[in-house]
Amino acid sequence: MTQGKVSAMNKPTNGTQEGGMPAAPPSYEEATAEGSSPCYSGGYYGDREMLTEWSWHDQNIRRIFIRKVYTILMTQLLITLAIVALFTFCDPVKIYIQTNPGWYWASYAVFFVTYLTLSCCTGPRRQFPWNLILLAVFTLSLSYMTGMLSSFYNTKSVMICLGITAMVCLSVTIFSFQTKIDITSCQGVLFVLCMTMFFCGIMLSIVLPFGYVPLLHAIYAAMGAILFTMFLAFDTQLLMGNKRYTISPEEYVFATLNIYLDIVYIFSFLLQIFGSEQD
C-alpha cells in the first residue's frame, strides 16, 4: 500500500518532474519550433491560417506594398517633372529663381530637415497623415532644387538627360525584379563607393577654387551616377522582399523616399555630365 502511494506521488505529471519539482522552462528553440508553440498548436486551426494569411511575408501584402510605393513615387516624379519643365521653359520664372538664390538655400534647409526626420524618426515616418505631409514637403523642396539646377542648362540638354534617366531607371528596375543576383548583400561595396565619393567631393571643393578642372568634375559626376544607379537596384530589391535583406511593408514612406532620391540624384549627375550650360 505504501509502495503504491509512493509510486503514485513520484509519477510525472503534466508540467512537473519526478519528486513534485516543476519542469524546466523550454528553450527558445523548443518554444519557437513549429508544432511546439501555443500559437500554432492546441488551438483552432483557423488561428494558424489567420497568422499565415496576414504575415508580413505574405505575397498579397507584399504586392499591395509595392503598388502603394510606386503609386506615391509616380506622383512625386510627376510633380518634379512639372517643376523642372516650369523652371526650364518659362523665362520669367527662370530669371526670378536665378536672381534669388536665397530660395534655393531655404529649400535646401527644408529638404535636409525633412529628410532627417523621415529617415531617423520612426514615429513621424509611420504615423498617418504626418508621414505623407512630410513626404510632400520633402518632394516640393527637392523638386525646387532640381528645377533650379536644370534652369542653368540648355533646354535640349535637360530633355535628353530626362530621357536617359527614364531609360536607366526602367532598365535597372526590370533587372532588379528579374535577376537572381542578391544586390542587398553588397552593402560593403556601396559603403566603400560612398566613402570614395565623399573624399572626392572634399578634394574637389579644395581644388575647384584654384582653377576649374572640367575633367575631374565629369569623373565625379560619372561616379555619382553609377553609385546611385546601384543604390536604385539595392532599394528596389529591398522593396521586393525576396532577397537576403528586406524592408517592412509598414515602411512604405521610407521605401518611396529612398527610390525617389536615387532617381533625382541620377538625373542631377547625368545633367552634370551631358548637360551644356546656357550662355
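Calculation notes
- Residues numbered from 1 in each chain as written.
- Predicted model: local features only at pLDDT ≥ 70, side-chain atom pairs only at ≥ 80, totals over all residues.
- Heavy atoms only, no water.
- Helix = DSSP H or I, 4+ residues; strand = E, 2+ residues; numbered from the N terminus.
- Buried < 20%, exposed > 50% of the residue type's maximum accessible area, 1.4 Å probe, protein only.
- Contact = heavy atoms within 4.5 Å.
- Areas by Shrake-Rupley, 256 points an atom, 1.4 Å probe, with all protein chains shown as cover.
- Phe/Tyr/Trp six-rings, centres within 6.5 Å; stacked < 30°, edge-to-face > 60°.
- UniProt positions renumbered as here; feature names shortened; annotations may be inferred.
- Core = buried A, V, L, I, M, F, W, Y, C linked by side-chain atoms within 4.5 Å.

**A few points about the overall build of the chain**
Moving on, step 1. Helix and strand counts for the chain stand at 12 helices and 0 strands.
Moving on, step 2. For the chain, the sequential pattern of α-helices and β-strands runs α-α-α-α-α-α-α-α-α-α-α-α.
Moving on, step 3. Within the span of the chain, comprising 279 residues, buried residues form 32% of the whole.
Moving on, step 4. Within the chain, contacts between residues separated by at least 24 positions form 78% of all contacts whose residues are at least 6 apart in sequence.
Moving on, step 5. On the chain, roughly 17200 Å² of surface is accessible, and the fraction owed to carbon and sulfur atoms is 69%.

**Some thoughts on the packing of aromatic side chains**
Geometrically, a pair of aromatic rings is defined through the distance of the ring centres and the angle of the planes.
Moving on, step 1. Enumeration according to the criterion identifies 14 aromatic pairs in this entry.
Moving on, step 2. An angle of 20 degrees between the planes, with centres 6.1 Å apart, marks the rings of F111 and Y115 as stacked. Placement of both F111 and Y115 in helix α6 (residues 102–120) is noted, with a separation of 4 residues, approximately one turn of the helix.
Moving on, step 3. According to the relative accessible area criterion, F111 is buried, its value standing at 5%.
Moving on, step 4. Of the residues examined, Y115 reaches a relative accessible area of 26% and is grouped as partly exposed.
Moving on, step 5. Ring centres 6.0 Å apart and planes at 20 degrees place the aromatic pair F228 and F269 in the stacked group.

**What to know about the environment of T88**
Moving on, step 1. Mapped onto the secondary structure, T88 falls in helix α4 (residues 59–89).
Moving on, step 2. Each C-alpha atom, one on T88 and one on S150, is 6.5 Å from the other, the two residues being 62 residues apart in sequence.

**Examining the UniProt feature "transmembrane region" (unreviewed entry) in the chain**
Moving on, step 1. UniProt's entry tags residues 69–90, 102–121, 128–145, 157–177, 189–212, 218–240 and 252–274 with the feature "transmembrane region" (unreviewed entry), counted in the numbering of this structure.
Moving on, step 2. In residues 69–90, the share of helix is 95% and the share of strand is 0%. The end C-alpha atoms are 31 Å apart.
Moving on, step 3. Here residues 218–240 is 100% helix and 0% strand, with 33 Å between the C-alpha atoms at its ends.

**Comments concerning the nonpolar core**
Moving on, step 1. Grouped together as the largest cluster of nonpolar side chains are 41 residues, with contacts concentrated most on F65, F138 and L142.
Moving on, step 2. For this core, the secondary structure elements donating two or more residues are α4, α6, α8 (130–151), α9 (155–178), α10 (187–207), α11 (214–240) and α12 (252–274).
Moving on, step 3. Per-element tally for this core: the top contributor is α12, with 12 residues.
Moving on, step 4. Apart from residues no more than four positions distant in its own chain, L142 is found in contact with F111, Y260, L261 and V264.
Moving on, step 5. Judged by nonpolar contacts, the second largest core, of 6 residues, contains V84, C161, F267 and L271.

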